[in-house]
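Listed below are the residues making up each chain.
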Amino acid sequence: ETAASPTPDVPNYLDSPITSFILTSPNPSPSFYASGAPEPTTQAQLKAKYEASAGEGKTDDDINAELSENLPAIILFNQIDGDRSGAIDKKELKKCLMSLPKKKPVEPEGGWPEGGPPKFVPFDEIVDSLDTDKDDQISLEEWLANLSSLPGLKMAITGALDAETGKITGYVSLEQRLDNLLAEKAKIESEIIAIRGKIGSAGITVFRQIDIDHDGTVSQKELLRVLKVLPRPKGVKGPKVSIEDLAATLDVNGDGAISEDEWIAQIDALPALKASIEEAIDPATGKIIGYRSLEQQLWKLQKNVTELEARIAGGEEGLEEELEKRKNAAQKLVDKGIQPEAFEE
């Protein structure tokens, strides 16, 4: 849109009977919108301008001509006024300018009105030309009165108009941003649901808990270790499965180690194992209750050592062998570089 009437290659947004609409249709019908009528904000502005002009004694024909001339620029103003404050600030204007295509102006038929192409105008001068009262806000009246004084801007805007909407192509309004964000939110929520399905109930969290050496895989030894703490599943019938068969089902490529992807893909093929894990999971953490990591195991051993030493110092006998056993087990973990991790028992 521009402050002047639409150019021939831009649809005429003024076909709607603006004056008769204002006079007779305070609540327009859906067919009015379908025919390309202005949006509610623009309609309110047109009504206000009609009433002001009518108050000045202008005829309906004169008012209609004035509104027709200003409508494209009003539509554009409302697009740029992203926060719906009723004015365009520097940030909004700069965003508009950045959305305009960076093309050299094409000479119109009949030559340049000023004898040559529009000159480049710096941003601050554009603001200065539009913001007449220098309050750092460009009002609708300032926009309508001063846009024509910037032929380069006016030409760039006209060349960027969407033929169907009369708005600048590529300039995203708050409503469009909201629609985009909602669409993105829906996509993210869908991904979250899918990921949660993997993380929860015998998923990634459990896999990483079982992988006590943190090498990214679960060995048969680690699998056997977790089986020792799992309860017998309830309501799941079927023959007992050996540790070798469990490992073979999970280890699809047969390399001797169960990867995270293999675990996620194959755990449903072992309903008894999955049910057993789900019964043992702490809902707050998503981890198997009672299954300690090496870090937690070291912390527990060190705690045991301290308690045993205190009991021996208190005169209790027959604990030396158990103390030595706990010390040796703790030292093996320390030698592997394990750091103790406290946990609630």
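Residues numbered from 1 in each chain as written. Predicted model: local features only at pLDDT ≥ 70, side-chain atom pairs only at ≥ 80, totals over all residues. Heavy atoms only, no water.

Here the protein chain shows a mean pLDDT of 78. Residues at 70 or above account for 78%. Confidence drops under a pLDDT of 50 for residues 1–36, and excluding neighbours within four residues, the segment shows 74 contacts in the predicted structure. (pLDDT = per-residue confidence, 0-100. Contact = heavy atoms within 4.5 Å.)

Of all the residues in helix H14 (residues 271–280), the buried ones are Leu273, Ala275, Ser276, Ile277 and Ala280. Turning to H14, the residues buried within the fold contact helix H10 (204–210), helix H11 (220–227), helix H12 (243–250), helix H13 (260–266), strand E5 (281–282) and strand E6 (287–288). (Buried < 20%, exposed > 50% of the residue type's maximum accessible area, 1.4 Å probe, protein only. Helix = DSSP H or I, 4+ residues; strand = E, 2+ residues; numbered from the N terminus.)

All chains considered together, the criterion is met by 2 aromatic pairs. One cation-aromatic arrangement involves Lys94 over Phe123; the distance from NZ or CZ to the ring centre is 4.8 Å. In this arrangement the basic side chain of Arg225 is found over the ring face of Tyr291, its NZ or CZ atom lying 4.9 Å from the centre. (Phe/Tyr/Trp six-rings, centres within 6.5 Å; stacked < 30°, edge-to-face > 60°. Lys NZ or Arg CZ within 6 Å of the ring centre and 35° of its normal.)

Glancing now at unusual backbone geometry. The phi dihedral of Arg84 falls on the positive side, at around 55 degrees, and the residue is not glycine. Relative to the helices and strands, Arg84 resides in the loop between helix H4 (60–80) and strand E1 (87–88). Phi at His214 is positive, roughly 55 degrees, even though this residue is not glycine. With respect to the secondary-structure elements, His214 resides in the loop between H10 and strand E3 (217–218).

Running from N to C, helix H5 (residues 90–99) and helix H6 (residues 123–130) point in directions that differ by 120 degrees, and their axes come no closer than 11 Å. It follows that H5 is oblique to H6 by the angle criterion. In the packing of H5 onto H6, the handedness of the crossing is right-handed. Contact residues: H5 offers Lys90, Leu93, Lys94 and Leu97, while H6 offers Phe123, Ile126, Val127 and Leu130. The residue makeup of the contact of H5 with H6, split by class, is 6 nonpolar, no polar and 2 charged. (Axes fitted to C-alpha atoms, helices over the stretch in contact; angles between N-to-C directions. Parallel < 35°, antiparallel > 145°, perpendicular 65-115°, else oblique. Left-handed = near helix turned anticlockwise from the far one by under 90°. Nonpolar A, V, L, I, M, F, W, Y, C, P; charged D, E, K, R; others polar.)

This brings us to the pattern of salt bridges. This structure, assessed with the given rule, holds 8 salt bridges. Ionic pairing is found between Lys49 and Glu141, a salt bridge with its closest N-O pair at 3.1 Å. With a gap of 92 residues between them, Lys49 in helix H3 (residues 40–55) and Glu141 in helix H7 (residues 140–146) connect regions that are remote in the sequence. Across the salt bridge formed by Lys58 and Glu56, the nearest N and O atoms sit 3.7 Å from each other. (Salt bridge = Lys/Arg side-chain N within 4 Å of Asp/Glu carboxyl O.)

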